[in-house]
Amino acid sequence: MSRVMGRLGLLSEVQDLLAQGRSVALHGPTGIGKSALLDALEEQRRELPGALVLRANGAVSELGLAYAALQDLVDQLPVELRGALPELSSAVDDDRLRTVLCARFKALLGDASRATPVLILVDDVQWLDPQSACVIGYARRRLSGRVGLVATVGPARERAPDGDIDLSDLHHLEVPPLEATATIELLGAHGVPAHVAQRLHVDSGGLPSLALALGGAAREQPVLLGRPTPLPAILERVLRERFLAQEEGVRTTVALAALLHRPTVRQLERAGRVEAEEHVRRAVEAGLLTRAGDALRFTPAELGRVVTEAVPAVRRAAWHRDLAEVAPSPAERARHRALADPRPGAALAHELAVAAETSAAAGGRAIATELYLLAADRAPTELGAERVEWLATAVETGAPGNHVELVHRAVDDFLELAATPEQTVRVRLALPELAGSGVAALDEVLAAALTDAGEDDRLVALVLLQRSRVALMESRPHEAGRLAERAAGLFQRAGDRVGEASARSTWAVSSRWTGSGRHDAHLAAALALVPASEPAPPGQTHTSPGYIAARFALYDDRLEEAWTANLSMLARVERGAGMDQVHVLRCLVEVGVRLGRCREAMAYAARATRVAEEFGLDPHPGWFIRALAELAGGDLDVARTLAGQGAVAAQERGDTRYLQRHLLLLGQAQLRTGDAEAARATMARIGVIEDTHGLSDPTVNRWQPELVSALVALGANDEAALVLAGARRAIDGRSGTDGLGAQLDRAEAEVLGAAGDVEGALHLLDRAAKVCADVGLQVELGRTLLTRSHVERRARRAAAARSTLEAAGTVFAELHARPWLAQVRTELAPCPVEGSAVLGRLTGTEARIAQLVCQGASNREIAERQHLSVKTVEAALTRIYRKLDVRSRTQLARIVPARAE
């Protein structure tokens, strides 16, 4: 089933419809995987004893061959049935012959379907010859319930009026693009690293065939400092031919879209393309574009270049002149004017530079980068100094937004010119902001920058500060602190107030992580230089004193303060650098989850995903943000998948800080899905990292309470007690640890409850509940009640346990904490059939889902009845199939008792 990764839900839906006697039409653009779904359906159906599966493929070259598809189907019938039809290879189509064939083919299928249903699969039904379509449709409609049809419908040019295929009575399903997790799993099976697979997912628009083709190129050409992977020549040729195969109107509209900065349907209509909606629809069907609302995107992005190069230069210039007349902004008008005329000119170059500066100030970093690049390209010889500065500024402007192709074009030109040491250092320090910059490449770039800085205090300080931040990313806080301290002194000597504040903020972070006790003093000094209310330069919000102050508020569980501060910062970075937005959105999700603002956390996480995809950022920060939100208010299986992928990607990138974050979420997801042993190993890895790198502040990661819960579930109470004792010593005498203390109380109550000390456990839980209520840890308050119900149940206080469990459910329902609420409802529900060896191999939730499947419930019906998401049901079915070694719902029904609830 690897070829239908991410399609289990859709596959199940098709199977459900066939079981109900419905036939299905699958729609979607070229390359979306419709044929792979037919392959999977055929494979599953052939596993049934006596099953008969017939398959035909439509082809444009055979559209005029009468009964070609019908002949293919007849050739697959058992030998004893074939003789009932007249010879088709030499048949001359007329109404009488068609009538005979309809009746006889229906009779054949009727005989074949007496014992078991017949399934007909037709690929590219839009190219099926009309004679075959008529006969097949006649038989299918009259044998509904015994003969099922699944047809794929792809894009088609205009057909003859008598060639239309009647699909009106079929159930129509759209095959959607793959989700990122499925694309990553698909490409991971072919050796593509997770962080590269995420980029290819965005570039492919979720089209599996395109993702696989791009993945092959990525494996052969590793990405260096974020450089884009060029298209393989064969894929470029295929995409070019696909574009050229469109009718002239569609080609023109798509070509104009390729010339726009950020194409939209509305802009195409402004350019005079009155049929833009229809043309875009056809381009999407052909796999050339993807559409999100009004916005259009080429799949892959490089296709825009391929399309542009397919248009003659003279025509391109004319179109750019026309587009300049209808451009929606002065910056876009200047861009089109420059692209219409490649000749240098001082006036045009200055106009482009001014437009670039204005766009950058307004947050339009992508167009600003391109305008700076165009200004440098159009600069005549006498503007040599300005040209160097414009190229350096293009790199600085584009790198924080991860505008990779533009940045590298600017760098390539910059390296050909005589630049000052200050400009060279600026360019070198901007390059590490690009996503995909590995640690080894960063070290090389920063070493060169330090050489270029010479004896200039400010330039040396800039390099040291960047090195300090890299050390924090690698969780080397002692080294980070030493570098930040040196940078702060040099900035002070150079009179750079903002640089000194940033260095002292970084110094404060390293001091907090190592537990030196000086972090508050360092942060206060930074805030005295640059108050939290002062906006940071673009791309530097996430290193500013105000941002670090909000982080410390989160660590200390001053949650409302952290929430307000991050909302204020979000308003300032919304049109800024992509990474600034992601950092602030991550903080809002972290704070929101603790406060129990689960719906807001889910919304901010979705927003962070969109920003990361738009700017092409490294994926593992976004995966952490979404996994955190999913754990609180979404789907446990999604969270576990994202955290697992994120841990792998963070380790590949050398990002030890995010590795710890992902391991914490992965361990929580493992624990909550019943895999305590895996959770124990995962949490222990965080402890090893902290010990290795000298991280001693337990408020930063907070993994100890989760490890204790895993150890209690495994019966390792003595080991749990040791972990608790170590965590208690670490917070002894520290301020701002009340929230973590409450989490440790809850964990210790689990230890005491397992040991039979019920009263001691309840005392700790009462204390934990009060602190959680006081500091606003709402989800943790619900967890405390959940733990209390478990303690009561161990003490055989059934009524008290159920009452407390219901109270926990009320808390989780008010917070929209869906996974926690689902756990409560599962615990409140009756247990599955006792004594079933098969069900005994499943968790409680899996057993209930298996039984509902066997009762004929669809995935959506199961989700509604069990208060789960459809994705959770799909993921559970995947686990059930794997555990029970079955591959279909039919096989599952044979071995699982379908007990009514």
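Residues numbered from 1 in each chain as written. Predicted model: local features only at pLDDT ≥ 70, side-chain atom pairs only at ≥ 80, totals over all residues. Heavy atoms only, no water.

**Student:** I'd like a description of the overall build of the protein chain, backed by residues and values.
**Tutor:** A tally of regular secondary structure across the protein chain gives 46 helices and seven strands. The globule rule puts the C-alpha radius of gyration for 901 residues at 29 Å, and the 31 Å found for the protein chain is close to it. Along the longest, intermediate and shortest principal axes, the C-alpha atoms of the protein chain span 100 × 85 × 40 Å. Counting every position in the protein chain, which comprises 901 residues, the buried fraction comes to 56%. Of the contacts made within the protein chain by residues no fewer than 6 positions apart, 68% connect residues no fewer than 24 positions apart. Surface summary for the protein chain: the accessible area is close to 37100 Å², and the carbon and sulfur share equals 52%. Separation between the mean location of the 105 positive side-chain charges and that of the 116 negative ones in the protein chain comes to 3 Å. (Helix = DSSP H or I, 4+ residues; strand = E, 2+ residues; numbered from the N terminus. Rg over C-alpha atoms; globule rule 2.2 N^0.38 Å. Buried < 20%, exposed > 50% of the residue type's maximum accessible area, 1.4 Å probe, protein only. Contact = heavy atoms within 4.5 Å. Areas by Shrake-Rupley, 256 points an atom, 1.4 Å probe, with all protein chains shown as cover. Lys, Arg positive; Asp, Glu negative; His and termini not counted. Charge placed at Lys NZ, Arg CZ, Asp CG, Glu CD.)

**Student:** Please provide a residue-by-residue account of the environment of Arg734, values included.
**Tutor:** One can find Arg734 in the loop between α37 (717–731) and α38 (738–754). The exposure class assigned to Arg734 is partly exposed, which follows from its relative accessible area of 27%. Considered as a pair, Arg734 and Ala180 are 554 residues apart in the sequence and their alpha carbons are 42 Å apart. When sequence neighbours within four positions are dropped, the list of residues in contact with Arg734 reads Gly515, Ser696, Asp697 and Pro698.

**Student:** Requested: an account of the nonpolar core, with residues and values cited.
**Tutor:** Counting 157 residues, the largest nonpolar core has Leu26, Val150 and Val589 as its most contacted members. If you tally residues by element for this core, the top one is helix α29 (residues 578–595), at nine residues. If we ignore the near neighbours within four places in the chain, the residues touching Val589 are Ala601, Tyr604, Ala605, Ile625, Leu628 and Ala629. (Core = buried A, V, L, I, M, F, W, Y, C linked by side-chain atoms within 4.5 Å.)

**Student:** Explain helix α15 (residues 313–325) residue by residue, including any values.
**Tutor:** In this model, α15 (13 residues) spans 19 Å end to end at C-alpha, consistent with the 18 Å of a helix rising 1.5 Å per residue. All buried positions along α15 are accounted for by Ala317, Trp319, His320, Leu323 and Ala324. Mapping the buried residues of α15 onto a view down its axis gives an arc of 165°, with all of them on the same face. The exposed set on the far side of α15, more than 90 degrees from its buried face, consists of Val314, Asp322 and Glu325. (Expected span 1.5 Å × (residues − 1). Arc of directions from axis to C-beta.)

**Student:** Give me the side chain of Arg672: which residues, what numbers.
**Tutor:** By the element assignment, Arg672 lies in helix α33 (residues 656–672). This buried residue, Arg672, is left without a salt bridge; Glu706 holds the nearest opposite charge, at 7.6 Å. From its side chain, Arg672 meets the backbone oxygen of Leu631 in a polar contact 3.0 Å long. Aside from chain neighbours lying at most four places away, what touches Arg672 is Leu631, Leu636, Pro819 and Trp820. (Salt bridge = Lys/Arg side-chain N within 4 Å of Asp/Glu carboxyl O. Polar contact = N/O pair within 3.5 Å; in protein donor to acceptor, adjacent residues only side chain to side chain.)

**Student:** So what's going on with the state of the cysteines? Residues and values would help.
**Tutor:** One pass over the full model with this rule turns up zero disulfides. Looking at the unpaired Cys102, the closest cysteine sulfur is the one in Cys134, lying at 4.2 Å. This cysteine, Cys587, is not joined by any disulfide, and Cys598 carries the nearest cysteine sulfur, 18 Å off. Judged by its relative accessible area of 1%, Cys587 falls in the buried class. (Disulfide = S-S within 2.5 Å.)

**Student:** Go over helix α39 (residues 758–775) with me, naming the residues and quoting the values.
**Tutor:** The end-to-end C-alpha distance of α39 is 26 Å, a good match for the 26 Å that 18 residues give at a rise of 1.5 Å each. Of the residues making up α39, those classed as buried are Val758, Gly760, Ala761, Leu762, Leu764, Leu765, Ala768 and Cys772. Along its buried surface, α39 packs onto α38 and α40 (778–794). Downstream of α39 by a residue or two, Gly776 has a phi angle that is positive, lying close to 95°.

**Student:** A description of the pattern of salt bridges should follow, citing residues and the corresponding values.
**Tutor:** A full pass over the atoms with the stated rule returns 56 salt bridges. Between Arg702 and Asp557 there is a salt bridge, with the nearest N and O atoms lying 2.9 Å from each other. Of this pair, Arg702 sits in the loop between α35 (698–701) and α36 (704–713) while Asp557 sits in the loop between α27 (545–555) and α28 (559–573), and the two are 145 residues apart along the sequence. Take Arg702 and Asp557: they sit in the same class, and that class is buried.

**Student:** Give a detailed account of the environment of Val14, specifying residues and quantitative values.
**Tutor:** Its location among the elements puts Val14 in helix α1 (residues 8–19). Val14 sits 534 residues away from Ile548 along the chain, and the two C-alpha atoms are 51 Å apart. Not counting residues within four places of it along the chain, the set of residues in contact with Val14 comprises Val24, Leu26, Leu41, Val150 and Leu173.

**Student:** So what's going on with the pairing of strand β4 (residues 147–153)? Residues and values would help.
**Tutor:** The buried fraction of β4 is high, at seven of seven residues. The two faces of β4 match: Val147, Leu149, Ala151 and Val153 on one face and Gly148, Val150 and Thr152 on the other face are all buried. Sheet topology note: the strand β1 (residues 24–27)/β4 ladder contains four bridges and is parallel. The residue of β4 that forms the bridge with Ala25 is Ala151. Pairing geometry for strand β3 (residues 118–123) and β4, over five bridges, is parallel. Paired with Leu121 across the strands is Val150, a residue of β4. Regarding topology, helix α6 (residues 130–142) serves as the crossover connection from β3 to the parallel β4, and that connection is right-handed. (Pairing = 2+ DSSP bridges. Right-handed = clockwise from strand over helix to strand, strands pointing away.)

**Student:** Tell me what's going on with the environment of Leu711, and back it up with residues and numbers.
**Tutor:** Checked against the element boundaries, Leu711 lands in helix α36. Taking the C-alpha atoms as reference points, Leu711 and Leu200, separated by 511 residues in sequence, lie 39 Å from one another. Excluding anything up to four places from it in sequence, Leu711 contacts Arg680, Ala716, Glu719, Ala720 and Val723.

**Student:** How would you summarise unusual backbone geometry if you had to cite specific residues and measurements?
**Tutor:** Note that the residue after Thr299, namely Pro300, is joined by a cis bond; omega there is -5°. Here Pro300 shows up in the loop between β7 (295–298) and α14 (303–309). A positive phi is found at Ser475, a non-glycine position, where the angle reads about 55°. As for its position among the elements, Ser475 is in the loop between α23 (457–473) and α24 (477–494). Assessed through its relative accessible area of 0%, Ser475 is described here as buried. A positive phi angle, near 60°, is found at His816, a position not held by glycine. With respect to the secondary-structure elements, His816 resides in the loop between α41 (798–815) and α42 (818–828).

**Student:** Mind laying out the confidence of the model for the protein chain, listing which residues take part and the relevant values?
**Tutor:** On average, residues of the protein chain carry a pLDDT of 87, and 92% of them reach 70 or more. With pLDDT under 50 throughout, residues 157–163 is counted as low confidence; its partners more than four residues away or in other chains account for 14 contacts. (pLDDT = per-residue confidence, 0-100.)

**Student:** Give me the lowdown on the sheet that holds β1, citing residues and values where you can.
**Tutor:** Judged by pairing direction, the sheet is parallel, and its five strands sit side by side in the order β2-β3-β4-β1-β5 without closing on themselves. Among the strands making up the open sheet, the edge pair consists of β2 (52–57) and β5 (171–174). The sheet shows a mean angle of 15° between the axes of neighbouring strands, direction not considered. Each of β1, β3, β4 and β5 is contacted by α1, which is oriented at about 175° to β5, the strand it contacts most. (Axes fitted to C-alpha atoms, helices over the stretch in contact; angles between N-to-C directions.)

**Student:** Outline the pairing of β7, listing residues and values.
**Tutor:** Of the two faces of β7, the one holding Leu296 and Phe298 is buried and the one holding Ala295 and Arg297 is not buried anywhere. Note that strand β6 (residues 289–292) and β7 share four bridges and pair antiparallel. When the bridges of β7 are listed, Arg291 appears paired with Leu296. Here β6 folds back onto β7, and the loop between the two strands holds two residues, one of which, Gly293, carries a positive phi near 65°.

**Student:** Run through the packing of helix α30 (residues 598–615) against helix α31 (residues 619–633), naming residues and quoting values.
**Tutor:** Look at α30 against α31: their axes get within 9 Å of each other, and the N-to-C directions meet at 155°. The pairing of α30 with α31 is recorded here as roughly antiparallel in orientation. Both α30 and α31 take part in a crossing whose hand is left-handed. The residues of α31 that touch α30, namely those facing Cys598, Ala601, Met602, Ala605, Ala608 and Thr609, are Ile625, Arg626, Ala629, Glu630, Ala632 and Gly633. (Parallel < 35°, antiparallel > 145°, perpendicular 65-115°, else oblique. Left-handed = near helix turned anticlockwise from the far one by under 90°.)

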